[in-house]
Amino acid sequence: MRYFLLLCIFFVGLSSNVEAQDSSPKRLKKIVIDPGHGGDKPGAIGKISKEKDLNLAISLKLGELINQHLKPLEVVYTRKTDHDVDLIRRSQLANREKADMFISIHCNASKNKDASGTETFVMGLAKTQANIEAAKKENADILLEANYAEKYDGFDPNSPESNIFFAFYQNAYLEQSLVLASKLQEQFISNTKMLNRGVKQAPYLVLYKTSVPAILTEVGFISNPKEELYLNSQLGQYEIAASIFLAIQQYKNHLEGVIRPLPSIASLIPHEAIKADKLAREREALAKEKEEAAKLLAQKLKDSLKQESNAADTIMNECGLVYRVQFYTDKAKKSPESNIFKGLDSIWMYNDNDLWKYTSGSFKDFKSAMDYREKIKKKGYKDAFVVIFNNDERISLAKAKEIENNNKK
Ligand SMILES: [Zn+2]
């Protein structure tokens, strides 16, 4: 029974769609611009911005460009401020105003932070799960509307059959919507650095209820940090708005069979936006330069410290017979610069049985080392004693005497 009712609703919907198509000479006279979400429906949320605000900023810039360059094409907005409008009222506005085109402007979002690019949808059954999910996200706004089931013919965006719900939908304006959508994607390719994700079909409620050529464009990913910055920049917003503007003019030419030359993208973007972008880039480059210089300086400092300590090590590692005073033993390896060695000269250390042994002083004869040991004792190292090394190998006093005698010969 429910299925039968649904069928009826769709055939009614279908016939009303077909009736709405008029046979008068085709002109593009009125366009409805629909900034997605608004008010307590923020849409996707980025790190520094909300989708509803970006959608509105781009939509207002688009309207501004049309008013400046495409008069007398009339612009009607579904919203011009940050407030919420039910999806059905957005479509109804387009139908009531007898608009010739409906453009819904949105920003995309994905759990994958690397996802990027633009894509434009026309109403239809989604062919891939990704497109079903895309529509689901945007359609979810109706869950916050009162009596949504009633208003949308029992449609439930969360139902697994939500795509099938539109199985009998036929769009009298599909062809025109597709022309506009593909022109828009081409403009995005020419005028922005964003990836082209193409033209797609998915069951967007805001398009489904609209009885005029209609598209929903996702102008970049708010979830991608780099793209979110671009979407927030004046230049980015103007480049996107100008791309939509140029696609509209191309579509208008196509529809009316007239060839009006397209303005250049540069002529559509205010100088201030370009200047601000240049400034931001320069600032960014400067900050990067400073960062690199600081990094380089830190590395140089590190290198020179290393060189110094290597040089110090070389001085310490004297060859031949050396007498030192051992005063401290530790499991941990300490730096010769460590505070605990303050006031002691020529710190040198060696490892013996997994213990680090620390010595001070460096003498050529036993007597000088013994004298120095007295000084060390006075500094609190009462157990200090003389150790002897031959080419860095610890040896006994007897062995040292033998070497000394041999050297005298
Ligand atoms: Zn959205």
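It should be emphasised that the depicted structure is a prediction, and the values quoted were computed from it without experimental measurement. (Residues numbered from 1 in each chain as written. Predicted model: local features only at pLDDT ≥ 70, side-chain atom pairs only at ≥ 80, totals over all residues. Heavy atoms only, no water.)

1. Looking at helix 6 (residues 174-191)
Turning to step 1, where the next piece is worked out: For helix 6, spanning 18 residues, the distance from its first C-alpha to its last is 26 Å, which sits close to the expected 26 Å at 1.5 Å a residue.
Turning to step 2, where the next piece is worked out: Among all positions in helix 6, only Gln176, Ser177, Val179, Leu180, Ala181, Lys183, Leu184, Gln185, Gln187, Phe188 and Asn191 are buried.
Turning to step 3, where the next piece is worked out: Buried residues belonging to helix 6 abut strand 3 (101-108), strand 4 (118-123), strand 5 (196-202), strand 6 (214-221), helix 9 (234-256) and helix 10 (265-268). (Helix = DSSP H or I, 4+ residues; strand = E, 2+ residues; numbered from the N terminus. Expected span 1.5 Å × (residues − 1). Buried < 20%, exposed > 50% of the residue type's maximum accessible area, 1.4 Å probe, protein only. Contact = heavy atoms within 4.5 Å.)

2. Some details on the coordination of the zinc ion
Turning to step 1, where the next piece is worked out: The protein atoms that coordinate the zinc ion are His37 (NE2), Glu51 (OE), His106 (ND1), Glu138 (OE) and Glu138 (OE), at distances of 2.0 to 2.5 Å.
Turning to step 2, where the next piece is worked out: Expressed as a motif, the donor residue spacing for the zinc ion is H-x13-E-x54-H-x31-E. Taken together, the residues Glu51 in helix 2 (residues 51-69) and Glu138 in helix 4 (residues 129-139) connect sequence positions 87 residues apart. There is no split in this pair, since Glu51 and Glu138 are both buried. (Donors = N, O, S within 2.8 Å, 3.2 Å for Na, K, Ca; no water.)

3. Looking at the pairing of strand 3
If a strand is regular, its side chains alternate between the two faces of the sheet.
Turning to step 1, where the next piece is worked out: Of all 8 residues that make up strand 3, 8 are buried, and the element is covered over most of its length.
Turning to step 2, where the next piece is worked out: Residue alternation in strand 3 divides its side chains into two sets, Met101, Ile103, Ile105 and Cys107 and Phe102, Ser104, His106 and Asn108, and both sets are buried.

4. Side note on the domain arrangement of the protein
Turning to step 1, where the next piece is worked out: One can read the domain layout of the protein as domain 1 (2-269) and domain 2 (318-408).
Turning to step 2, where the next piece is worked out: Taking the mean C-alpha position of each, domain 1 and domain 2 sit 82 Å from one another. (Domains from an automatic or database assignment.)

5. Structural notes on the packing of helix 8 (residues 225-232) against helix 9
Turning to step 1, where the next piece is worked out: For the pair helix 8 and helix 9, interaxial distance at closest approach is 4 Å and the crossing angle is 80°. By the angle class used here, helix 8 and helix 9 are roughly perpendicular. Residue-level contacts link Tyr230, Leu231 and Asn232 of helix 8 to Gln234, Gly236, Gln237, Glu239 and Ile240 of helix 9.
Turning to step 2, where the next piece is worked out: For the contact of helix 8 with helix 9, the per-class residue count stands at 3 nonpolar, 4 polar and 1 charged. (Axes fitted to C-alpha atoms, helices over the stretch in contact; angles between N-to-C directions. Parallel < 35°, antiparallel > 145°, perpendicular 65-115°, else oblique. Nonpolar A, V, L, I, M, F, W, Y, C, P; charged D, E, K, R; others polar.)

6. What about the nonpolar core?
Turning to step 1, where the next piece is worked out: Core analysis: the largest hydrophobic core is formed by 41 residues, its most contacted members being Ile31, Leu62, Ile66, Ile103, Ile240, Ile244 and Ile248.
Turning to step 2, where the next piece is worked out: For this core, the elements supplying multiple residues, two or more each, are strand 1 (30-35), helix 2, strand 2 (74-77), strand 3, helix 6, strand 6, helix 8 and helix 9.
Turning to step 3, where the next piece is worked out: For this core, the element with the most residues is helix 9, which contributes 10 residues.
Turning to step 4, where the next piece is worked out: Non-local contacts of Ile240, meaning those with residues more than four positions away in its chain, are made with Ile58, Phe188, Met194, Val219, Tyr230 and Leu231.
Turning to step 5, where the next piece is worked out: Counting residues in each nonpolar core, the second largest holds 29 residues, with Leu93, Phe102, Ile142 and Tyr208 among its members. (Core = buried A, V, L, I, M, F, W, Y, C linked by side-chain atoms within 4.5 Å.)

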